[in-house]
Amino acid sequence: MVTYRTAQVDGLSVFYREAGDPASPKLLLLGGFPSSSHQFRNLIPALADRFHVLSPDYPGFGNTDMPDGFEYTFDRLSEIVEGLLEHTGFRPFGLYHQDYGGPIGNRIVGRHPDWLEWQVIQNSNAYEEGFTAAWDGIRHALWVDRSPETEAPLLPFLELDGVRLVYTHGHADPERISPDNWNMDLHFLERPGARKVQLDLLYDYRTNVELYPQWQAFLREHRPQTLILWGENDIFFTPEGGRAYLRDLPEAELHMLDSGHFAVEDSLEQISAHIKRFYDERVDGRAATGAVAQVGSAR
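Quick summary incoming for the structure in this document. (Residues numbered from 1 in each chain as written. Predicted model: local features only at pLDDT ≥ 70, side-chain atom pairs only at ≥ 80, totals over all residues. Heavy atoms only, no water.)

What follows concerns the packing of helix H7 (residues 180-189) against helix H8 (residues 194-204). Taken N-terminus to C-terminus, the directions of H7 and H8 make an angle of 100°; their axes are 8 Å apart at the nearest point. With respect to H8, the axis of H7 lies roughly perpendicular. Across the interface between the two elements, Leu186, Phe188 and Leu189 of H7 pack against Ala194, Arg195 and Gln198 of H8. (Axes fitted to C-alpha atoms, helices over the stretch in contact; angles between N-to-C directions. Helix = DSSP H or I, 4+ residues; strand = E, 2+ residues; numbered from the N terminus. Parallel < 35°, antiparallel > 145°, perpendicular 65-115°, else oblique. Contact = heavy atoms within 4.5 Å.)

On to the nonpolar core, then. The biggest cluster of nonpolar side chains holds 69 residues, and the ones touching the most others in it are Tyr100 and Tyr205. The biggest single contributor to this core is helix H2 (residues 74-88), with six residues. Setting aside residues up to four positions removed in sequence, Tyr205 forms contacts with Phe74, Tyr100, Pro103, Asn125, Phe131, Trp135, Trp143, Tyr212 and Phe237. The next biggest cluster of nonpolar side chains, apart from the first, holds 25 residues, and it includes Ala19, Leu43, Leu47 and Phe51. (Core = buried A, V, L, I, M, F, W, Y, C linked by side-chain atoms within 4.5 Å. Buried < 20%, exposed > 50% of the residue type's maximum accessible area, 1.4 Å probe, protein only.)

Tallied over the full model, the rule gives 22 salt bridges. Ionic pairing is found between Arg5 and Glu18, a salt bridge with its closest N-O pair at 2.7 Å. Of this pair, Arg5 sits in strand S1 (residues 3-9) while Glu18 sits in strand S2 (residues 12-19), and the two are 13 residues apart along the sequence. Judged by its relative accessible area of 39%, Arg5 is partly exposed. Among the charged side chains, a network of salt bridges with common partners joins Arg146, Glu151, Lys196 and Asp200. (Salt bridge = Lys/Arg side-chain N within 4 Å of Asp/Glu carboxyl O.)

Below, the discussion takes up H2. In a regular helix each residue adds 1.5 Å, so 15 residues correspond to 21 Å; H2 covers 21 Å between its end C-alpha atoms and thus fits that length. If you check which residues of H2 are buried, you get Phe74, Arg76, Leu77, Ser78, Ile80, Val81, Glu82, Leu84 and Leu85. Two residues or fewer after H2 comes Gly89, characterised by a positive phi angle close to 70°. (Expected span 1.5 Å × (residues − 1).)

Relative to the 24 Å expected for 17 residues at 1.5 Å per residue, helix H9 (residues 206-222) spans 25 Å between its end C-alpha atoms, a close match to the ideal helical length. Taken together, the buried positions of H9 are Thr207, Asn208, Val209, Tyr212, Trp215, Gln216, Phe218 and Leu219. Buried residues belonging to H9 abut H2, helix H3 (101-111), strand S6 (116-121), H8 and helix H11 (245-248). Just downstream of H9 lies Arg223, where phi reads positive at about 45°.

Okay, the environment of Asp284 next. Looking at where Asp284 falls in the secondary structure, it is placed in helix H12 (residues 264-284). It is 9.5 Å that separates the C-alpha atoms of Asp284 and Pro25, two residues lying 259 residues apart in sequence. Ignoring any residue separated from it by four or fewer positions in sequence, one finds Asp284 in contact with Arg50 and Tyr279.

As a further point, take unusual backbone geometry. Backbone torsion omega between Phe33 and Pro34 reads -10°, so that peptide bond is classified as cis. Inspection of the secondary structure puts Pro34 in the loop between strand S3 (26-30) and helix H1 (43-47). Arg91 connects to Pro92 through a cis peptide bond whose omega is -10°. In this structure, Pro92 sits in the loop between H2 and strand S5 (93-97). Look at Asp10: it is not a glycine, yet its phi comes out positive at around 50°. When its relative accessible area of 57% is taken as the criterion, Asp10 is described as exposed. Despite not being glycine, Asp99 shows a phi value in the positive range, around 50°. Mapped onto the secondary structure, Asp99 falls in the loop between S5 and H3.

Read these as spatial facts, not as claims about activity.
Have a look at this one:
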C-alpha cells in the first residue's frame, strides 16, 4: 500500500509518497519537469514488493508548499529534499533520478557520498551532448540575458499543449499515456506564481551545467553500481547523453528504450523488471556476479 505523507522541513510542508517494508533496501525516486511524485504513481507499487520506496514533491511542485520569497534554485530544492531524508531517516539508499532529479540527487550525494548505495539513471542529463534543440532558447537566450523577451518563447511549455507534448513526444502509442499526467500538472501550474517558479528553475539550470565536470568526477571516483534506462526519443535529452555515462562508468549497464522523457508511462514493466534484476545481480549479489559491462537495447 502506498501512503501519502507530509513532513515539516525548514518551515515547509513537504509531501511525499512512501511504500514497501522499511526493512527492505531503500530506493529514492526523484523526478522532473513539470511533474511531481505523481509521475511515479505506478512505479512505486511495482517496486514496493522488493524495496522501501520514497518519492517527494519539491517546493513549488505537486502537494508541497510553494511559498513566496523562497529561492527556487536547485541548491535549495536539494537542501529541502536532504532535510526530508534526514527527518525520515531514509538513508543510505539507491537513487532513481530522472530529469530534475539528477541535479537534485547529485547535489545531495555530493555532500553525503556515503548515502548512495547504487543508482538508476533515467533521462537525467550530465553531459553537454545530452541537450536536444529544445534547449536552444534556454541555453542561448534565457541564460545569456533573462528578460520578458527571452522568457516568452518558453511559456508554451507551461501551457496545456506544451505539457502534453512533453509526455507524448517520442512514444510509439500516445494512447498509452494517461491524460491525468498533464491535467494534474496543469492544475498545479495554474496556481498564482507557479509558472514563475518553473522559469526560475529553467534559468537556474545553467548552474547544473557548471557542475557537470564535478559530477562526472564523482562517478569516476566512487564508481557506484549504475543502471541506465534511457528513453531514446526524449524531447529534451539525446540518446548520446545516456551513452556518455559509459565514459565515466564503463561498467554501467545501459538499456535504450523506445520511449520518451517519461519512459515509465509506457515502459513500466521493463523498467521495474530491470531494476529488480539489476539490484539482485549487481548490488545485492555483486560479490558473486562481478562487474561486467553490459550495453543492451530494450524495445
